[in-house]
Number of protein chains: 2
Amino acid sequence: MMDRLTPHDIFVVLLSLATLLLVARGAGELARRVNQPAVLGEIVAGILLGPTLLGRLAPEAYVFLFPQTGHAAIVLQGLSAVGVILFLLVAGLEVDLSMIWRQGRSAATVSITGIAVPFLLGLIAAWTAADAFGREAGADPWLFALFFATALSISALPVIARTLMDLDLYRTDFGMVVIAAAVVNDLLGWLIFAVLLAMMGGPSAQAGVGWTIVLTLAFATFVLTAGRWMMDRVLPWLQAHTSWPGGVLGFALSAALFGAAATEWIGVHAVFGSFLVGVALGDSIHLREQTRATIDRFVGSFFAPLFFATIGLNVDFVANFDPMLSLLVLAIACTGKVLGCAAGARAARISSREAWAMGVSLNARGAMEIILGLLALQNGIIGARLFVALVFMALVTSIAPGPCIQRILGRRRVRRFVDYLVPKAFIPRLASTDRREVISELCRTIAPATGRSAQLLEDAVWNREQTMSTGLEQGLAIPHARIPGLAAPLVGLGLSFGGVDFDAYDGEPARIIVLILTPEDDRGVQVNLLADIARTLKDPELRTKVLHVTNATELLALIRTEAPPPA
Amino acid sequence: MMDRLTPHDIFVVLLSLATLLLVARGAGELARRVNQPAVLGEIVAGILLGPTLLGRLAPEAYVFLFPQTGHAAIVLQGLSAVGVILFLLVAGLEVDLSMIWRQGRSAATVSITGIAVPFLLGLIAAWTAADAFGREAGADPWLFALFFATALSISALPVIARTLMDLDLYRTDFGMVVIAAAVVNDLLGWLIFAVLLAMMGGPSAQAGVGWTIVLTLAFATFVLTAGRWMMDRVLPWLQAHTSWPGGVLGFALSAALFGAAATEWIGVHAVFGSFLVGVALGDSIHLREQTRATIDRFVGSFFAPLFFATIGLNVDFVANFDPMLSLLVLAIACTGKVLGCAAGARAARISSREAWAMGVSLNARGAMEIILGLLALQNGIIGARLFVALVFMALVTSIAPGPCIQRILGRRRVRRFVDYLVPKAFIPRLASTDRREVISELCRTIAPATGRSAQLLEDAVWNREQTMSTGLEQGLAIPHARIPGLAAPLVGLGLSFGGVDFDAYDGEPARIIVLILTPEDDRGVQVNLLADIARTLKDPELRTKVLHVTNATELLALIRTEAPPPA
């Protein structure tokens, strides 16, 4: 007799998937709103839908939606397992092996001290006070200490890369050293953890731990040498002879699943295999940006949110939250990592300011930490209390880097003019046809948002306009002024089909007129916004589309989707 | 106690997923090689991996890889269920409701007769000879007859759209009428089938069949009116205020899953819900091409192959193949559909030639038919014999249209110059620096593939060259000639860093020199290829990349991935 999903099973699976996805993506978006990585929100979404909140408020709904037994539970576990495997594929794709060679000595030094110091701290702490850190009763003390040390020394490449991109530091020397160090850190961390998992024994563990470790190392070496060489040969062939991009996508996903199956068979977790396949694949110069982006997008908007949300479904984060333990773990983790990295950076003759910024950047744990913790929990090495403390530590260290680096290096986020657009100050059809009147019309609509009188704004903008016209080429004009005491920049935008003479260089009348008001004391922001507008509206096709927009939401949607920010 | 996937379960799931994906995608690519839809190959892949072949040759491997019981079986079923639901989302996205209004009367006539005739034929056949057509012993005769009639009258929008695109007919009047008719056909067919499923009774069927039908119609009406209106409002908001494209993707997938859950709860199959959500979503002018493409790509390269391959896993297509039944079903299906559509088209005053071509186009059943059949099989309405006959009919009717339309309308496939490139006649660095010598060099390398002497080719090309230079603008030259008795066009390509004087209009020396040899009697192909080369290599960035290519595979890969064919 065959095991079959009943219609009711399918109904429950679909409803819980839809709910998980909606809540996780929603919370992920909220997290990004406050400039945090999306994964943070996704994990919190799972905590809300799990025993921590939904299970308390509406236990029946919780048990119905996320059953712990039966076919629906098994399908959810399977999807979540595939989800984390594909997430690690994406993480692997981001690893750039050649960068490690280029950044050479600095990266190696930072990464080795950045692993060694927290590892040693963790080893000592877990060995001397295993019970305080929540070792499970039956767990091997060595295994526990090694796991704890590994958990403290791992980094989260995706979170770190995202933070650096947000601050426009990714392509700087500083950024490259940090990323290279994080890559080495990831590779070493996962290798150590793979060995730990081997020590726990997998399905092929009859042959003994030694054998599993040998197999793991052999597999890793094989994928990163012969596998890498093969990918580099197979990719151009696939692109030339199979449908694009389906052929390459199918191959990449299938390779990741085979890699995952291989490591699962060896006895280390499946995620290690797909991570290695990702590294080998991402290293090929023949992997096109479009392939990477498609995998990244689909995994990021479907599989990853599902996986991260399911983490919270099985653990009660309130009942198992131990404030002392959580703070202790956080303190050791931060001290070890920041000190270790900064010391390494100083040894590599990096300036003291940048050395500290590197320590803070590499301190981010994020998703990797949580995956590691979950595996340890499932394998009985740690209990729920330490797991919750690790999740807490991962979340806090992922939130911190952005603001800290901003402060240490004095960097600001990349600013785009649409971020400051006042919705009410979008005028789809300007009534005025004359330069002075248009400025007056825009100032009147934006005035309520500034808390200043329209007359004051108009005078300031008109004064600036008279020193030199703000009409740029091709129908774009950007009247602007600095306004004393303004808290943040404000932007208005008006469209004129007939065009308004702004005395432009090329004689074209202005059809898109952007008004920019900036605080008087922030000199950089005005230049940034002017440059952003010019760059964003450079494309004639986009300018035509902007002219046909009818409200501020559509304008925002258009700019966000068709003129992505500089990478 | 919680049900948990063991490492062995996960290993089996990963290995079977990886195998299914690799074999299905591979077979899909082979199908496309011979100009057939990929789904054809994917279904055949499943048949090869299922009891039909692998189960016979290596029963132990088959049972290990694709277990019928246990957790791994359940996870595979769950993934395949999510796969078909997302596939129907994509099918829904392709439906353009406004096109139905635009094509108005013609489309309506073609589609209604195209449904009515095969439906009546099927009804009569199934009613008069239910046993001959393989009705299951316990099945309701009315239900069986209605199902059989529906199965004969459905079309496969994706297959039809793909065939029309291949023949460059998609954006013609002919193509639009066919697509509009197929859309109406799809909507009606699925609605009828939803009602049938309701008659079988779902989880909420206690309330009676009548109630389920009312709920189904109410849900469909709601999604296509209020739901459509809402999507149109939500999409710009998401694009403006959430991360791009993750926010929209997450919303679309979650909406599809909610829709699927709703119809599953009503008691009709989940696929109907995601199809309707797809229609509503695809109808919004705010849905960006990039969102559609990302969903399409990922579903097409992961979920769809998994689903279609699993179809073959559970049925023995050899033991259940009944040649008489299969041919009978095929005959009724084709007669009804082709005659019905052609009659409708004639009534709408479409020329006789085009009317027949429409009948043949709309005759394609493809994936939809098979999904329908699978549901009927799982619900015990039909047996394995009729299911196999339906799959046979779906495959044959999907293969036929392409060649038939080509013959009836005299249309040819869109031809691209890289399709005819002779790998050996790619010269990354031309030795010659003079026009005559370059032509001679290219002719010498391509000669073996033509079965002609290099001298003969060179004379023909040089004669043509002397009537007027083939040097185009911006460093591109396309020497060419018609060669008597050549079976198919042949293309060679040489690169010259120094450039060769081809007496071009703009005085630029030629750096990319493409040699085209075409059969003497096929006048159209030469013009097509010249236009394709000019269009493909128009982009300066692509030309620069072409100059750095080192072998024919890389060239093919570059053109296929970065210069997609005209849609």
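None of these values were measured; they are calculated from a predicted model. Residue numbering note: each chain is counted from 1, following its sequence as written. Going through the entries in the order they are written, you letter the chains from A and number the ligands from 1. Thresholds applied to this predicted model are a pLDDT of at least 70 for local features of residues and 80 or more for the giving and counting of side-chain atom pairs; totals over whole chains, interfaces and linings are not thresholded and use all residues.

Notes on the overall build of chain A
And step 1. By the criteria applied, helices consist of DSSP H or I runs no shorter than four residues and strands consist of E runs no shorter than two, each listed in order from the N terminus. From N to C terminus, chain A includes 23 helices and five strands.
And step 2. The globule rule used for comparison is 2.2 Å times the number of residues to the exponent 0.38, while the radius of gyration itself is calculated over C-alpha atoms. Scaling as 2.2 N^0.38, a compact globule of 567 residues should have a C-alpha radius of gyration of about 24 Å, and chain A matches this with 27 Å.
And step 3. Principal-axis analysis of the C-alpha atoms places the extent of chain A at approximately 85 × 65 × 55 Å.
And step 4. To assign burial, the other C-beta atoms lying within 10 Å of each residue's own C-beta are counted, with C-beta atoms placed from the backbone; 20 or more indicates buried, 12 or fewer indicates exposed, and intermediate counts indicate partly exposed. A burial count over chain A gives 56% of its 567 residues as buried.
And step 5. Each residue is represented by a C-beta atom placed from its backbone, and any two residues with such atoms within 7 Å are regarded as in contact. Put simply, of all contacts in chain A between residues at least 6 apart along the chain, 75% involve residues at least 24 apart.

A few points about the interface of chain B and chain A
And step 1. In this complex, chain B contributes 65 residues to the contact, which on the side of chain A involves 65 residues.
And step 2. Looking at the side of chain B that touches chain A, the elements with two or more residues in it are α1 (7-33), α5 (71-94), α10 (209-241), α11 (246-266), α13 (289-313) and α23 (552-562) of chain B.
And step 3. When residues are sorted by character, Ala, Val, Leu, Ile, Met, Phe, Trp, Tyr, Cys and Pro go into the nonpolar class, Asp, Glu, Lys and Arg into the charged class, and all the rest, Gly among them, into the polar class. Its residues placed into classes, the side of chain B that touches chain A shows 36 nonpolar, 20 polar and nine charged.

What about α23(B)?
And step 1. Most of α23(B) sits out of view: eight of its eleven residues are buried.
And step 2. Taken together, the buried residues of α23(B) touch α10 (209-241) of chain A together with β1 (421-427), β4 (490-500), α21 (523-536) and α22 (540-547) of chain B.

A short note on the relation of the copies chain B and chain A
And step 1. Overlaying chain B on chain A yields an RMSD of 0.1 Å, the required transformation being a rotation through 180° with an accompanying axial translation of 0.0 Å. Put plainly, the chains are arranged around a two-fold axis. For chain B, the residue whose C-alpha comes nearest the rotation axis is Val75(B), separated from it by 2.4 Å. Alignment of the copies relies on least squares applied to C-alpha atoms, considering only residues that score at least 70 for pLDDT in both.

Regarding the packing of helix α1 (residues 7-33) of chain A against α11(B)
And step 1. Helix axes are fitted to C-alpha atoms over the stretch in contact, other axes to C-alpha atoms as well, and angles between N-to-C directions run from 0 to 180 degrees. Orientation of α1(A) relative to α11(B), taken along the N-to-C sense of each, is 155°, at an axis distance of 8 Å. Relative to α11(B), the element α1(A) is oriented roughly antiparallel. The handedness of the crossing between α1(A) and α11(B) is left-handed. Together, Pro7(A), Ile10(A), Phe11(A), Leu14(A), Leu15(A), Leu17(A), Ala18(A), Leu21(A), Leu22(A), Arg25(A) and Glu29(A) of α1(A) and Gly247(B), Gly250(B), Leu253(B), Ser254(B), Leu257(B), Phe258(B), Ala260(B), Ala261(B), Glu264(B) and Trp265(B) of α11(B) make up the contact between the two elements.
And step 2. Counted by class, the contact of α1(A) with α11(B) contains 15 nonpolar, three polar and three charged residues. An angle counts as roughly parallel when it lies under 35 degrees, as roughly antiparallel when it exceeds 145, as roughly perpendicular when it falls between 65 and 115, and as oblique in every other case. Handedness of a crossing follows from how the near helix is turned relative to the far one, being left-handed for an anticlockwise turn of less than a right angle and right-handed for a clockwise one.

Re the nonpolar core
And step 1. As used here, a nonpolar core is made of buried Ala, Val, Leu, Ile, Met, Phe, Trp, Tyr and Cys residues. They are joined through C-beta atoms within 7 Å. Ranked by internal contacts, the top residues of the largest apolar core, which has 336 residues, are Leu14(A), Ile85(A), Ile160(A), Leu14(B) and Ile85(B).
And step 2. Apart from the residues within four sequence positions on either side, Ile85(B) is in contact with Ala256(B), Ala260(B), Ala270(B), Val271(B) and Ser274(B).

Thoughts on helix α2 (residues 38-49) of chain A
Residue and element names in this part refer to chain A.
And step 1. Take the residue count of a helix, subtract one, and multiply by 1.5 Å to get its expected span. For α2, which comprises twelve residues, the first-to-last C-alpha distance of 17 Å matches the rise-based estimate of 16 Å (1.5 Å per residue) to within 8%.
And step 2. Among the twelve residues of α2, eleven are classified as buried, and the element is accordingly described as predominantly covered.
And step 3. Listed as buried for α2 are Ala-38, Val-39, Leu-40, Gly-41, Glu-42, Ile-43, Val-44, Ala-45, Gly-46, Ile-47 and Leu-49.
And step 4. Residues of α2 that are buried in the fold lie against α1, α3 (54-57), α13 (289-311), α16 (366-378) and α17 (384-399).

Some details on the confidence of the model for chain A
In regions of low pLDDT, the predicted coordinates are not meant to be interpreted in detail.
Residues and elements named next belong to chain A.
And step 1. Of all residues in chain A, 96% attain a pLDDT of 70 or more, and the chain-wide mean is 86.
And step 2. What pLDDT reports is the predictor's confidence in each residue, on a scale of 0 through 100. Averaged pLDDT values for the elements of chain A fall to 73 in helix α8 (residues 157-166) and rise to 93 in helix α11 (residues 246-266).
And step 3. Residue range residues 202-206 is modelled with pLDDT below 50. Its contacts to residues more than four positions away, or to other chains, number 16 contacts.
And step 4. For this predicted complex, the interface score ipTM comes out at 0.83, while the overall pTM is 0.84.

Brief notes about the pairing of strand β5 (residues 510-519) of chain B
Residue and element names in this part refer to chain B.
And step 1. In terms of residue burial, β5 counts as a mostly covered element, since nine of its ten residues are buried.
And step 2. With two bridges joining them, strand β2 (residues 476-477) and β5 adopt parallel strand pairing. Across the sheet, the residue bridging to Leu-476 is Ile-512, located in β5.
And step 3. By this definition, two strands are paired if DSSP reports at least two bridges between them. Looking at chain direction, strand β3 (residues 480-483) and β5 are connected through four bridges and run parallel. When the bridges of β5 are listed, Ile-483 appears paired with Pro-519.
And step 4. One ladder, built from seven bridges, connects β4 with β5; its direction is antiparallel.

Describing the environment of Leu327(A)
And step 1. Within the secondary structure, Leu327(A) is located in helix α14 (residues 323-347).
And step 2. In this structure the C-alpha to C-alpha distance between Leu327(A) and Ala108(A), which are 219 residues apart in sequence, comes to 30 Å.

Points about the pairing of β4(B)
And step 1. Both β1(B) and β4(B) contribute to a ladder of three bridges, which runs parallel. Bridging across to β4(B), Leu421(B) finds its partner in Val491(B).

A closer look at the packing of α11(A) against helix α12 (residues 270-282) of chain A
Helix-helix packing is characterised by the crossing angle of the two axes and by the distance between the axes.
All names here are of chain A.
And step 1. Remark: α11 packs on α12, axes separated minimally by 6 Å, with the N-to-C direction vectors making an angle of 140°. Here α11 lies oblique to α12, going by the angle between them. Between α11 and α12 the crossing geometry is right-handed. Along the contact surface, α11 presents Ala-252, Ala-255, Ala-256, Gly-259, Ala-260, Ala-261, Ala-262, Thr-263 and Glu-264, while α12 presents Ala-270, Phe-272, Gly-273, Ser-274, Leu-276, Val-277, Gly-278 and Leu-281.
And step 2. For the contact of α11 with α12, a count of residues per class yields eleven nonpolar, five polar and one charged.

Considerations on the domain arrangement of chain A
In many reports, interface size means the accessible area that the parts give up when they come together.
And step 1. Split by domain assignment, chain A resolves into domain 1 (73-409) and domain 2 (417-562).
And step 2. Here domain 1 of chain A and domain 2 of chain A have C-alpha centroids that lie 45 Å from each other. Here the limits of each domain have been adopted from an automatic or database domain assignment.

Some thoughts on unusual backbone geometry
Of all residues except glycine, most have a negative phi; of all peptide bonds, most are trans.
Residues and elements named next belong to chain B.
And step 1. The backbone phi angle of Arg-349 is positive, close to 60°, even though this residue is not glycine.
And step 2. Position of Arg-349 relative to the elements: it lies in the loop between α14 (323-347) and α15 (352-362).
And step 3. For Arg-349, a count of 10 C-beta atoms within 10 Å corresponds to the exposed category.

Section: the environment of Leu20(B)
All names here are of chain B.
And step 1. Checked against the element boundaries, Leu-20 lands in helix α1.
And step 2. With 29 C-beta atoms counted inside 10 Å, the residue Leu-20 sits in the buried group.
And step 3. For the pair Leu-20 and Gly-46, spaced 26 residues apart in sequence, the C-alpha separation works out to 7.4 Å.
And step 4. Those residues in contact with Leu-20 that sit more than four places away from it in its chain are Leu-49, Leu-306, Ala-309 and Thr-310.

As for the environment of His269(A)
All names here are of chain A.
And step 1. Following the sequence through the fold, His-269 ends up in the loop between α11 and α12.
And step 2. Look at His-269 and you get buried, because 31 C-beta atoms sit within 10 Å.
And step 3. Taking the C-alpha atoms as reference, His-269 lies 7.1 Å from Ala-194; in sequence the two are 75 residues apart.
And step 4. The residues touching His-269, leaving out its near neighbours within four places in the chain, are Leu-197, Thr-263, Glu-264 and Leu-375.

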